[in-house]
Amino acid sequence: MKQITERQKEVLDFIADFTETNVYPPTVREISEHFGISLRAVQDHIAALQKKGYLTTEQKRSRSIRILIDERQKENKPFVSKVPLLGTVAAGKPLLSEENLDGYVNLTEPFIRPGKSYFALRVRGTSMINAGILEGDLAVVEQADTALDGQIVVAVLDDAITLKRYYKEASRIRLQPENPTMQPIYCTDVRVVGILSNIVRTY
């Protein structure tokens, strides 16, 4: 990978910041106005960055610049994502439809990681108390439709959601609570929607 000049890095960082803020990349004119340089100079910088493999563009298309290598310093910019907070589940509605949401929560690493999809829900009851999961905790759940034996999952049963440990038996699924006073749930028609990733607790 060829090294880039200081000015090329400034242009690259501006494109990355602009795209992150606006969800679309800047035009050549917007870059020109930001740095106070000519359109030709911007085009030269973009051509050099493209040749060195740091970005790509599509000819004759506005806002087609796409960053391939982000050179910005990430140490002081932790990954943050807005995670949907699940409320009650409405019959016949997709899990993360508006009718099922209680809003959103902003979470950072290590509770979530880039490239994965999550939702969150408030824990109700004491069925998972021996797993250290208490009523009122915020369960951070990675979206998934399958699970391995022993994983703690969020499952949908009769349009209700439950947080239990998952076990696949010969002809049925066992959803096992972590509370000796409660009985497991046995079912054949269960929909796994996520696997527990983290618990967030506030005091």
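Reading guide: rules and limits
- Residues numbered from 1 in each chain as written.
- Predicted model: local features only at pLDDT ≥ 70, side-chain atom pairs only at ≥ 80, totals over all residues.
- Heavy atoms only, no water.
- Salt bridge = Lys/Arg side-chain N within 4 Å of Asp/Glu carboxyl O.
- Helix = DSSP H or I, 4+ residues; strand = E, 2+ residues; numbered from the N terminus.
- Buried < 20%, exposed > 50% of the residue type's maximum accessible area, 1.4 Å probe, protein only.
- Axes fitted to C-alpha atoms, helices over the stretch in contact; angles between N-to-C directions.
- Parallel < 35°, antiparallel > 145°, perpendicular 65-115°, else oblique.
- Left-handed = near helix turned anticlockwise from the far one by under 90°.
- Contact = heavy atoms within 4.5 Å.
- Nonpolar A, V, L, I, M, F, W, Y, C, P; charged D, E, K, R; others polar.
- Pairing = 2+ DSSP bridges.
- pLDDT = per-residue confidence, 0-100.
- Arc of directions from axis to C-beta.

Draft legend 1. Representation of the pattern of salt bridges in the model. For the coordinates displayed, the defined rule picks out 9 salt bridges. Taking the shortest distance from any N to any O, the salt bridge between Asp44 and Arg40 comes out at 3.3 Å. Taken as a pair, Asp44 and Arg40 lie in helix H3 (residues 39–51) at a separation of 4 residues, close to a single helical turn. Take Asp44: its relative accessible area is 42%, and that puts it in the partly exposed class. Across the salt bridge formed by Glu178 and Arg165, the nearest N and O atoms sit 2.6 Å from each other. One end of the pair, Glu178, is in the loop between strand S9 (173–176) and strand S10 (185–187); the other, Arg165, is in strand S8 (residues 160–168), and 13 residues separate them in sequence. Salt bridges here are not isolated pairs; linked through shared partners, they connect Glu169, Arg172 and Arg174.

Draft legend 2. Structural detail: the packing of helix H1 (residues 6–22) against helix H2 (residues 28–35). At a minimum axis distance of 11 Å, the contact between H1 and H2 shows a crossing angle of 120°. When the interaxial angle is binned, H1 and H2 end up oblique. As H1 packs across H2, the resulting crossing turns out to be right-handed. Where H1 abuts H2, its residues Arg7, Glu10, Val11, Phe14, Ile15 and Phe18 lie against Glu30, Ile31, His34 and Phe35. When its residues are assigned to classes, the contact of H1 with H2 shows 6 nonpolar, 1 polar and 3 charged.

Draft legend 3. A look at the sheet that holds strand S7 (residues 152–157). Taken together, the 9 strands give an open sheet; going across it, the order is S4-S3-S5-S6-S11-S7-S8-S9-S10, and neighbouring strands pair in mixed fashion. Edge positions in the sheet fall to strand S4 (101–108) and S10, since each of these pairs with one other strand and no more. Taking the axes of each pair of neighbouring strands and ignoring which way they run, one obtains an average angle of 40° across the sheet. Where strand S5 (residues 118–122) meets strand S6 (residues 138–143), 5 bridges bridge the pair, whose relative direction is antiparallel. Its bridge partner lying in S6, Ala120 is registered against Val140.

Draft legend 4. Just the confidence of the model for the protein chain, in detail. Across the protein chain, the average pLDDT comes to 87, with 94% of residues at 70 or higher. Per-element mean pLDDT across the protein chain ranges from 85 in strand S3 (residues 80–86) up to 96 in S9.

Draft legend 5. Region of interest: unusual backbone geometry. A positive phi angle, close to 70°, is found at Val23, a residue other than glycine. Secondary-structure assignment places Val23 in the loop between H1 and H2.

Draft legend 6. Representation of H2 within the structure. Here H2 has its buried residues at Ile31, Ser32 and Phe35. One side of H2 holds all its buried residues, which, seen down the axis, span an arc of 100°. What points out from H2, more than 90 degrees from its buried face, is the exposed set Arg29 and Glu33. Looking at the buried residues of H2, the elements they touch are H1 and H3. Just downstream of H2, Gly36 is the residue with a positive phi angle, here 70°.

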